[in-house]
Amino acid sequence: MAREERNIIGYTVALISEFASRFGIRPRQAYAYLKRFKGMEHLQLHYGFLHTQSFPDTVDILAQVCLNNGGKLR
């Protein structure tokens, strides 16, 4: 596995953990929520920008993406 791929995976795992902590859910639930409401898709498409932001800002962005796609977590 290339170094960049490891960095992306590590960042994604850490971000899902931060998302879960923010909303008081388990990481597995956070991943399922992000996948269902297109947060993971947004992360993949915009990784180049998002990984330069702070975790709290990125969690805010992904939460808004999910809200825009029918999610209910605020």
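Placed above this text is the structure.
In short, a report on the structure.

**Re the overall build of the protein**
Scanning the protein from N- to C-terminus turns up five helices and zero strands. For the protein, the N- to C-terminal ordering of α and β elements is α-α-α-α-α. A globule of 74 residues ought to have a C-alpha radius of gyration of about 11 Å, and the protein, at 12 Å, matches this closely. Expressed as a percentage of the 74 residues in the protein, the buried residues total 31%. Within the protein, residue pairs in contact and separated by at least 24 positions form 64% of the contacts whose partners lie at least 6 positions apart. Taken as a whole, the protein presents about 5,000 Å² of accessible surface, with 52% of it coming from carbon and sulfur.

About the criteria used
- Residues numbered from 1 in each chain as written.
- Predicted model: local features only at pLDDT ≥ 70, side-chain atom pairs only at ≥ 80, totals over all residues.
- Heavy atoms only, no water.
- Helix = DSSP H or I, 4+ residues; strand = E, 2+ residues; numbered from the N terminus.
- Rg over C-alpha atoms; globule rule 2.2 N^0.38 Å.
- Buried < 20%, exposed > 50% of the residue type's maximum accessible area, 1.4 Å probe, protein only.
- Contact = heavy atoms within 4.5 Å.
- Areas by Shrake-Rupley, 256 points an atom, 1.4 Å probe, with all protein chains shown as cover.

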